[in-house]
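Observations on the model geometry
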Amino acid sequence: MISKKIPHLFYGGDYNPEQWPSEVWGEDIRLMQEAKVNFVSVGIFSWARLQPKEGVFDFAWLDELLDLLHQGGIGVNLATATASPPAWLVRKDPKVLPEDPNGQTYYPGSRQHYCPNSTSYQESSRALVRALAERYGQHPALVSWHVNNEYGCHFPACYCDVCAENFRDWLARRYGRIETLNETWGTAFWSQAYGEWEEIFPPRKMPTHPNPTQLLDYQRFMNESFLRLYKGEVEILRDVTPEMPVNTNFMAGHKPLDYFEWGALQDFTSHDAYPDPKPGEEGEIEGALANDLTRSFNKSVPMVLMEQVSSQVNWRGVNTLKAPGQMRLWSLQAVAHGAEGVLFFQWRASRAGAEKFHGAMVPHVEPAKSRVFQEIKGLGEDLSRLDDVLDSRIRTECGIVLSYENWWALEAGSKPRTFSYFSLLKENYTSLWRENLPVDFVVPGEDLAKYRLLVVPSLYLFRDEWAEWLRDWVHAGGVLVVTFFSGVVNEKEHIHLGGYGRPIRDLLGLWVEEWQPLHDDERVAFRFEESARREEAVYFTEKIHLEGARSIARYTEGPFEESPVLTVNDFGQGKVFYQGARFSADLQREWLGKLADEIGVQAPLKVPEGVELTVRTKGDREFLFCLNHQKETVAFSLGPLRGRDLLTGQEVAESLSLPPFGAAVIEKQGNEVKKEG
Amino acid sequence: MISKKIPHLFYGGDYNPEQWPSEVWGEDIRLMQEAKVNFVSVGIFSWARLQPKEGVFDFAWLDELLDLLHQGGIGVNLATATASPPAWLVRKDPKVLPEDPNGQTYYPGSRQHYCPNSTSYQESSRALVRALAERYGQHPALVSWHVNNEYGCHFPACYCDVCAENFRDWLARRYGRIETLNETWGTAFWSQAYGEWEEIFPPRKMPTHPNPTQLLDYQRFMNESFLRLYKGEVEILRDVTPEMPVNTNFMAGHKPLDYFEWGALQDFTSHDAYPDPKPGEEGEIEGALANDLTRSFNKSVPMVLMEQVSSQVNWRGVNTLKAPGQMRLWSLQAVAHGAEGVLFFQWRASRAGAEKFHGAMVPHVEPAKSRVFQEIKGLGEDLSRLDDVLDSRIRTECGIVLSYENWWALEAGSKPRTFSYFSLLKENYTSLWRENLPVDFVVPGEDLAKYRLLVVPSLYLFRDEWAEWLRDWVHAGGVLVVTFFSGVVNEKEHIHLGGYGRPIRDLLGLWVEEWQPLHDDERVAFRFEESARREEAVYFTEKIHLEGARSIARYTEGPFEESPVLTVNDFGQGKVFYQGARFSADLQREWLGKLADEIGVQAPLKVPEGVELTVRTKGDREFLFCLNHQKETVAFSLGPLRGRDLLTGQEVAESLSLPPFGAAVIEKQGNEVKKEG
Amino acid sequence: MISKKIPHLFYGGDYNPEQWPSEVWGEDIRLMQEAKVNFVSVGIFSWARLQPKEGVFDFAWLDELLDLLHQGGIGVNLATATASPPAWLVRKDPKVLPEDPNGQTYYPGSRQHYCPNSTSYQESSRALVRALAERYGQHPALVSWHVNNEYGCHFPACYCDVCAENFRDWLARRYGRIETLNETWGTAFWSQAYGEWEEIFPPRKMPTHPNPTQLLDYQRFMNESFLRLYKGEVEILRDVTPEMPVNTNFMAGHKPLDYFEWGALQDFTSHDAYPDPKPGEEGEIEGALANDLTRSFNKSVPMVLMEQVSSQVNWRGVNTLKAPGQMRLWSLQAVAHGAEGVLFFQWRASRAGAEKFHGAMVPHVEPAKSRVFQEIKGLGEDLSRLDDVLDSRIRTECGIVLSYENWWALEAGSKPRTFSYFSLLKENYTSLWRENLPVDFVVPGEDLAKYRLLVVPSLYLFRDEWAEWLRDWVHAGGVLVVTFFSGVVNEKEHIHLGGYGRPIRDLLGLWVEEWQPLHDDERVAFRFEESARREEAVYFTEKIHLEGARSIARYTEGPFEESPVLTVNDFGQGKVFYQGARFSADLQREWLGKLADEIGVQAPLKVPEGVELTVRTKGDREFLFCLNHQKETVAFSLGPLRGRDLLTGQEVAESLSLPPFGAAVIEKQGNEVKKEG
């Protein structure tokens, strides 16, 4: 439970009443109550309203608003309002504005037009945070602090002169001596050696491929620059209101910030999820992934779905509407994946501005006549029936390793081919998701005790110490799957010499000599040992030399004909699989699913394709979430399982039928839920 | 008649003899006479020649040229020569150069490199105009003034610091108080509130979606900035030569300028039309549309086709040649749509420079051996036979509403989908064109008395007062067709709350709750009431709630299954149709054609596909233009129609045969031309 | 022989040991000896290492390295190290950094970040060159000077203010009077006349099409700016070491530099060749072409393949590996086309930096276990068997005219269509290559005595004096093929008035009236006289008027129906063919191959498709290179040819079988090699 003030699943959204005359506020409260809303985020983009000019604060409206909400029984997630600096600050110091790698300045008129290293921005934003904390820290409506908003969303990295100076200082602290930097960056290549820190630039526009270590360090530096902003605000909040939960909202597929680092500094994690509901896009997978990612960033605190849309967003070329029922289903999916709250951007659709066509809980049309608002009410009712689920958790036996450093390095260009790390993560995730196996994302170095199957997709940047971390776990019985192009460079972006994969050569029982990347229209045939079926490698293939491992599948053509494509190595009590090529999505699911099954990692039930299952547990209570993502009704056997559907209050037995986009949340009776083979 | 000096259809082109030694000039006059040219535009890009440095004018060459032309019997459309500032002016004041939203300066070396708000440009250009007006205002060759050229063509909007200052002044005048601006722009959203005018920027590059009202106001401001330039020149010309017709040339599909505003300030309208003659592109539709648009921008003055190409342009990736005969046909098409003159860019093909491969009336090869020049002579002969057509007009009963404000707002992004307003206008125009129904474009607020059918495509930005304007006309018997996504915001870009289409909810007899935009690969089936045929909606669909209107067609699948897609509402003596989705081009033509037919709006004859018909009338004389756009000969019955083909002098009766790209201009005898069912 | 110090084919690569600790150097020498390496390029990107700050040189490491190499028996191609300025120089004078046409500065972090007109760069680089020349000019390891590296590779043209000033000076020297510039640039068009030199800009970003002569002159100016750098370095080298060969490496398809001008200033030519080995790309044609181009740039000096990759590059989106054997085959292909040396970028694969995934002779894995290093050793062995080939040359009877001026002008835009000159050159080259006919590229004005067939693809920019040059040769018996869009403008980019092709109208026996360019999806049918087969023109067609020439093929449809598409004109002892359209690649090969055959220009043997043949001759010795580019074994008859395969030492007779990617180098016995019909 995030706060004792709200002993329920959170339900609500961003609330921006400053866009409306105050006569609308009363109706808002009434509609919130009608929809069982209990929690709203206030003030996210209110800096200019709260502080109309330097040194002048206007809190009257917010005083009134918080009182109103409190009287209405609605808790407040109060924003620090620093995500978009006011116009007067830009005028006072134009260096607040950020610059991209081309030296292009970004101007006011939208949002987030600030350089994270701007002193003016830092000082002014902190003054605002302190004023807010002091004024509202003891307000009874206050439930939590919402720090800034979607850090790095539209402007992931600034390259201005101020950033250049900060980068030089950061490098000097990191490396101490310029010689160390030169060695680390490999500046002997292309005549890049630096004699003084002052000679160094951010990786701005340059004639050809940038120095990859310079690039990687800049991504580290920018992550830290934003993190420093976050910490600066949190320090003030903790100082003034030490007990109040703090949080900032993530975006699950967001590359610029190392969310494992950030997650550790949250009292609860949260994220904004906007999968494309276009038929055929399988937005439910993106949604599941987003929830599991966010949950993984800090596994010891609660997780909340901070933003989603009720109907359709406004920023795609074509903004598909969620089909009737789909918004409810995806909301329940968040809970199924561990969310302790389901929130929306935003409460009431704006009349004006750049997001007026972004769906909201209360649309432009009369709520009573609105399909969307009726569904919002229905969802409020549904969530209110799930109080028992609060504080329950997901039990996972499968992990997928995710390293932001690797993400930054792998996609930086100048590689055997261009890589999309996120698509590789997602492909492996999808394979397990389709088998209804719950998954954690795991950062290198994290405790692996609870996992039985760990997948390491293309961990190109591989620190030496990670080898030991994996070795211990496999030795004790873990089953590890490592995929192609792993263990190639260290944290300096220097090659691990002596055969690719060198740091885990013993673990893999092999080394890699060379690569053949494939174009989209290229396939290379292989087959599993003992099978005649033709399989196809895509995207990337490798020449593997066995050194203890056994071949499971071999190429039947191409430059690596007869060489292994998939291997297994016994290591202590465990096993290590190495997959030296990308497979089709279907084959990846097939072999990974089979492997999980063989080691006893199994779904709670056998269900038709398109039905998602998860289990949340609390003590000895178990809640089985059944979600039908199909547009058709599905029915399936429950086997020996008996229980009660919390959404309907009905007992279920023998079989379950779910209408299109239907869901059930079954609390098991007597713990009969057993795994099936 | 634009000028009594030329009691004929204008025929000629841009004439730039300053690119040639003066010995060529004599041959030019001789060839013009051979081709029956009677009107040329002179000096369009001659500023640097006329004023080689500040304060120094050189008119000697132009004196000689105008005398020569006059002696040759050729009238002059004298340009004010301000479309491209000379190099010395840029050197004197580099701020003359314009900047795009990225802060990118555009340099000399091509043309139109000026900021419309540059004081240096404004002062210098006006000094030139005054000098020209005073020197040539009484010259007997002078027929009209050609102000600047294609305003905004290559540089539709400047974002420099000078423009920023002017924009602030413009806003201060428009809104008076900063609070009003804040309310109008909806700056409560995203912390955009302004405390001082000086804090405001043009909508330069920004991190994400710009404030839409800021954007819209900037488009208004830029339109006015250019218009101020135009007015500044015209003021001088009217001062010095109050009787002389003034004009600037339009480009029909040009979005940045509100040509209805501009048209009102022209003594005749004119335009430059360059449809792609590539087979399959149906350039004849673009041509027809361009003529009708320009004619519509000021329906009380004559219209002229100011520029077209004789053969092929030079600025496409592949510049298809007009097929033999096609240049003549498209020239006659302009007359068929009301043009009082047919002109070309340019008279003689340049030897050097960026447009030397742009076709001309006199090509690079010897005129006597040139197919193109022979066709030019033939066209001169044709036009000389059409003197009777002069001062006749097109009678239209169909109108399509076009609002530039709506164009700017609709395509500004952050919408349920991206829209192309022009393609929606063109699709409805094409439907009527294929039925040979003459069409006007109508600006909201214009007198509708003469129209029987009015189509309003996607009038997203809808001012409240427009509702009354439509209501009165429908009440009196008009038949109105409104298409999807209309009546959504007001002129501030604020949502009309209470159901989309709210300002004309009574007129439509319905309101719209929500939208489902479609990807290019998506279709949603519907069928007309009483019909079993499957129809398909594309692009955009809407959930309609009837409030008095009747359904004509309903969805048979999708989120809006069973809801109406097409409706009709009786209103006073008239009817209002609402089309809540886009149809295929064929279906749009079918149902719109059928509707027109049912209300008695009909073509003068039934003719084969690919034959275009128009009628020009003068008093009780009627001229029927028959144009064959097919590459095959076509023949069709004339029914009871009798008359004389002005091009051949032959009487026609019973049937007409037109060769490929052939045309006839039949003056009716005894007014027998009747509409057929 | 380039240097008596190495009486062998050069074998080696770029050697950058400054990236490695000195203990690796010893192993490098040992491995070089193992692979029979005899020549390495040293110091190409070592400026920052050689001169760590202004005025401070550090030669100790290079002293040691050169001694080591000399002791190892390996010659050195010592770089002047000026291709990438050090960080301290940029800090000292930021104007060293170049700017693109948008005013975008390019920053350090990669390489080649210098403006060629920067005085700081010029002075500092020359000081370095002098220091190197003086220190190492007499070093026994020194074999040649490698000046800079790939001039203009990543930054082909700078547009900064310094360049602007230099451009103005260059123009003033070129034209003397501003009036001459105005006439030449055609500034009467679009009001571009200049009154002072100071008013002129480089062709920076502008609103629309730039003045084409301004553009062309800027390309000339930039070519000369880089050439001035080269000459500046060479002047110092020749001053200090007058006998030492100098060279800079070319990139065959590189457009910005006129390599014929550059080639004349080389003691041997060299180039870097990186064809894409992706199956289906036919990289062997790009390789053959690259070698022949470089050989052609100075036909009187030796040619060397300076850079290629052993396995795969790192800069494509997908970097396909050379298949086993393919690296050897393409290396031998270079020798087959005249190369006197085969070198790689680079010797040892980097551990760090932007090119660490670029293949090398010594890869990241242990050399003894590396397929690549084993192939490198094999190639060293192969090359060591080809010493007899040294100083032999290719005999060519076919030439293809290449003009850089034409390249610059033809692709500058504002044409009847966009053109790719290189693809037109390559298409004609490929036609002859597939017939195993050796080809030179010929610059206009070059001695044509030895050629029997000359192809002139689309020589749009045609200087008047070139007509005489061709006329003399054809008159004496040459067979000339001129293709469409030739002879259109002069060197000022002014149209040759009086029918396109005017300067060679007598030679062609025809003139061209107009053009119909075609879209990719358009075809126009034609047929050869006396043939019923349907042929198709693509890309570009022309209306030809015969004036003495005879039609060989005529259009059977389209606007030029019945007009000739291919003609022949007898002229003196020779013939001139004119091809007024582009043909399909197959047809181009068919008719050009047939033409060559008819005039007795023939391959040495008839061989299966995919087998390449070339002959190198030295006095009366002849070496026949047979290269199998197929992935299958091929066998073919040798006819009467007898000889010895230098690679195997075996006698060959009657027939030859080549394995996949196999090669033979047969020295003819008794000169029996005869041409076959």
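Rules of the game
Residues numbered from 1 in each chain as written. Chains lettered and ligands numbered in written order. Predicted model: local features only at pLDDT ≥ 70, side-chain atom pairs only at ≥ 80, totals over all residues. Heavy atoms only, no water. Patch = residues over 30% accessible without salt bridge, like charges linked within 9 Å, V, L, I, M, F, W, Y side chains within 5 Å. Areas by Shrake-Rupley, 256 points an atom, 1.4 Å probe, with all protein chains shown as cover. Salt bridge = Lys/Arg side-chain N within 4 Å of Asp/Glu carboxyl O. Lys, Arg positive; Asp, Glu negative; His and termini not counted. Charge placed at Lys NZ, Arg CZ, Asp CG, Glu CD. Helix = DSSP H or I, 4+ residues; strand = E, 2+ residues; numbered from the N terminus. Contact = heavy atoms within 4.5 Å. Buried area = accessible area lost by both parts, 1.4 Å probe. Polar contact = N/O pair within 3.5 Å; in protein donor to acceptor, adjacent residues only side chain to side chain. Nonpolar A, V, L, I, M, F, W, Y, C, P; charged D, E, K, R; others polar. Axes fitted to C-alpha atoms, helices over the stretch in contact; angles between N-to-C directions. Parallel < 35°, antiparallel > 145°, perpendicular 65-115°, else oblique. Least-squares fit on C-alpha atoms with pLDDT ≥ 70 in both. Buried < 20%, exposed > 50% of the residue type's maximum accessible area, 1.4 Å probe, protein only. Pairing = 2+ DSSP bridges. Expected span 1.5 Å × (residues − 1). Domains from an automatic or database assignment. 1 Å grid on protein atoms, 1.4 Å probe; cavity = no way out; pocket = protein on both sides within 12 Å on 5 of 7 lines; lining within 4 Å. Points joined across faces, edges and corners; volume = space filled by probe spheres on them. Phe/Tyr/Trp six-rings, centres within 6.5 Å; stacked < 30°, edge-to-face > 60°.

On to a negative patch on the surface, then. Taken together, the side chains of A:Glu165, A:Asp169, A:Glu196 and A:Glu198 define an acidic patch exposed on the protein surface. Here A:Glu165 lies in helix 6 (residues 161–175).

Another point: the interface of chain B and chain A. Contacts between the two partners involve 55 residues from chain B, matched on the other side by 51 residues from chain A. Carbon and sulfur atoms make up 59% of the surface buried where chain B meets chain A, a total of about 4,700 Å² over both sides. When the buried area of chain B at its contact with chain A is split by residue, B:Phe189, B:Trp190 and B:Pro207 rank highest and sum to 16% of it. Across the pair B:Glu493 and A:Lys356 runs a salt bridge, and its minimum N-O distance is 2.6 Å. Connecting chain B to chain A are 23 residue pairs in polar contact (both at pLDDT 80 or more). Listing elements by their share of the side of chain B that touches chain A, those giving two or more residues are helix 8 (212–240) and strand 15 (510–517) of chain B. When residues of the side of chain B that touches chain A are assigned to their parent elements, the largest contribution, seven residues, is made by strand 15 of chain B. Class assignment for the residues of the side of chain B that touches chain A results in 26 nonpolar, 16 polar and 13 charged.

This next bit is on unusual backbone geometry. For the bond running from A:Phe345 to A:Gln346, omega is -5 degrees, close enough to zero to count as cis. Residue placement: A:Gln346 occurs in the loop between strand 9 (339–344) and helix 12 (371–384).

Residue and element names in this part refer to chain A. Interaxial distance between helix 10 (residues 283–297) and helix 14 (residues 421–434) falls to 10 Å at its minimum, and their mutual angle equals 100 degrees. In this view, helix 10 runs roughly perpendicular relative to helix 14, as classed from their interaxial angle. Contacts between helix 10 and helix 14 pair Glu284, Ile285, Glu286, Ala288, Leu289, Asp292 and Leu293 from the former with Phe422, Lys426, Tyr429, Thr430, Trp433 and Arg434 from the latter. Per-class residue counts for the contact of helix 10 with helix 14 are seven nonpolar, one polar and five charged.

Another aspect to go through is the interface of chain A and chain C. In this assembly, 55 residues from chain A lie in contact with 51 residues from chain C. Summing both partners gives a buried area of about 4,700 Å² for chain A against chain C, and 59% of it is carried by carbon and sulfur. The interface formed by chain A and chain C holds three salt bridges in total. In this structure, the connection of chain A to chain C is made through 23 residue pairs in polar contact (both at pLDDT 80 or more). Contributions of two or more residues to the side of chain A that touches chain C are made by helix 8 (212–240) and strand 15 (510–517) of chain A.

Relating the two copies of this chain is a rotation about some axis coupled with a shift parallel to it. Between the two copies, chain B and chain A, the superposition gives an RMSD of 0.0 Å; the rotation angle is 120 degrees and the shift along the axis is 0.0 Å. Both chain copies can therefore be described as sitting about a three-fold axis. Proximity to the rotation axis, assessed at the C-alpha, singles out B:Gln104 in chain B; its C-alpha lies 5.4 Å from the axis.

Moving on, we get to the pairing of strand 15 of chain A. Look at any regular strand and the pattern is simple: side chains alternate between the two faces of the sheet. Residues and elements named next belong to chain A. Burial analysis of strand 15 places eight of its eight residues in the buried class, the great majority of the element. The sheet contact formed by strand 15 and strand 17 (residues 535–546) spans seven bridges and is antiparallel. The residue of strand 17 that forms the bridge with Trp515 is Glu542.

It is worth spelling out helix 10 (residues 283–297) of chain B at this point. The first and last C-alpha atoms of helix 10 of chain B sit 21 Å apart over 15 residues, in line with the 21 Å expected at 1.5 Å per residue. Summarising burial for helix 10 of chain B: 14 of the 15 residues are buried, a large majority.

What follows covers the sheet that holds strand 26 (residues 663–668) of chain B. Residue and element names in this part refer to chain B. In spatial order, the strands read 10-22-23-26-24-25; together these six strands make up an open sheet with antiparallel pairing. Two strands bound the open sheet, and with one partner strand each, they are strand 10 (393–394) and strand 25 (651–658). Pairing of strand 10 with strand 22 (residues 611–618) involves two bridges; the strand directions are antiparallel. Bridge pairing in strand 22 places Arg393 opposite Thr617. Along the sheet, helix 11 (residues 326–336) makes contact with strand 10, strand 22, strand 23 (621–628) and strand 26, crossing strand 23 at roughly 150 degrees.

Right, let's get into the environment of C:Arg393. Residue and element names in this part refer to chain C. Mapped onto the fold, Arg393 is located in strand 10 (residues 393–394). Its relative accessible area of 38% is what places Arg393 among the partly exposed residues. For Arg393 and Gly619, which are 226 residues apart along the polypeptide, the C-alpha to C-alpha distance reads 9.4 Å. If we ignore the near neighbours within four places in the chain, the residues touching Arg393 are Lys299, Ser300, Val301, Pro302, Val615, Arg616 and Thr617.

It is worth spelling out the environment of C:Pro52 at this point. Residues and elements named next belong to chain C. Positionally, Pro52 belongs in the loop between helix 2 (47–50) and helix 3 (60–71). Classification of Pro52 as partly exposed rests on a relative accessible area of 35%. Residues Pro52 and Ala87, spaced 35 residues apart in sequence, show a C-alpha to C-alpha distance of 9.1 Å. The residues contacting Pro52, other than those within four sequence positions of it, are Phe57, Asp58 and Trp88.

Residue and element names in this part refer to chain B. Across the sheet, which stays open at both edges, the nine strands sit in the order 5-4-3-2-1-9-8-7-6 with parallel pairing between neighbours. Unpaired on one side and paired on the other, strand 5 (246–247) and strand 6 (249–250) mark the two borders of the sheet. With two bridges connecting them, strand 8 (residues 303–307) and strand 9 (residues 339–344) associate as parallel partners. Considered in strand 9, the bridge of Leu305 is made with Val342.

What follows is about the domain arrangement of chain A. One widely used convention gives an interface's size as the accessible area the parts lose upon coming together. Once the domains are mapped, chain A shows domain 1 (1–6 + 258–389), domain 2 (38–247), domain 3 (398–598) and domain 4 (611–668). Look at where the C-alpha atoms of domain 3 of chain A and domain 4 of chain A centre, and you get two points 35 Å apart.

By volume, the largest cavity is sized at about 230 Å³. Taken together, 20 residues line the largest cavity, and the ones lying closest to its centre are A:Ser311, A:Gln312, A:Gly359, A:Pro363 and B:Tyr500. A per-element tally of the lining of the largest cavity places strand 15 of chain B first, with three residues.

The next subject is the layout of surface pockets. Residue and element names in this part refer to chain B. Counted as a void, the largest pocket has a volume near 970 Å³. Lining the largest pocket are 49 residues, with Glu282, Glu284, Gly610, His629 and Gln630 sitting closest to its centre. Every element with two or more residues in the lining of the largest pocket is listed here: helix 10, helix 11, helix 14 (421–434) and helix 17 (585–598). Taken together, the residues of the lining of the largest pocket sort by class into 18 nonpolar, 13 polar and 18 charged.

What follows is about helix 6 (residues 161–175) of chain B. All names here are of chain B. Between the first and last C-alpha of helix 6 there are 21 Å, a value that for 15 residues agrees with the 21 Å anticipated at 1.5 Å per step. Among the residues of helix 6, those classed as buried are Cys163, Ala164, Asn166, Phe167, Arg168, Trp170, Leu171 and Tyr175. Buried residues belonging to helix 6 abut helix 7 (178–185) and helix 8. In the stretch just after helix 6, Gly176 is the one whose phi turns positive, near 70 degrees.

Going through the model one piece at a time under the given rule, you end up with 159 aromatic pairs over all chains. Centroid distance A:Tyr259 to A:Phe297: 5.3 Å. Interplanar angle 55 degrees. Geometry classified as tilted. With A:Tyr259 in helix 9 (residues 259–263) and A:Phe297 in helix 10, this pair connects stretches of sequence that are 38 residues apart. The two residues A:Tyr259 and A:Phe297 agree in class, both being buried. Plain terms: the ring middles of B:Phe357 and C:Tyr460 are 6.0 Å apart, the flat faces sit at 45 degrees to each other, and that makes the pair tilted. Residue B:Phe357 is found in the loop between strand 9 and helix 12 (371–384), and its partner C:Tyr460 is found in the loop between strand 13 (453–456) and helix 15 (464–475); the two belong to separate chains. Assigned by exposure class, B:Phe357 and C:Tyr460 land together as buried.

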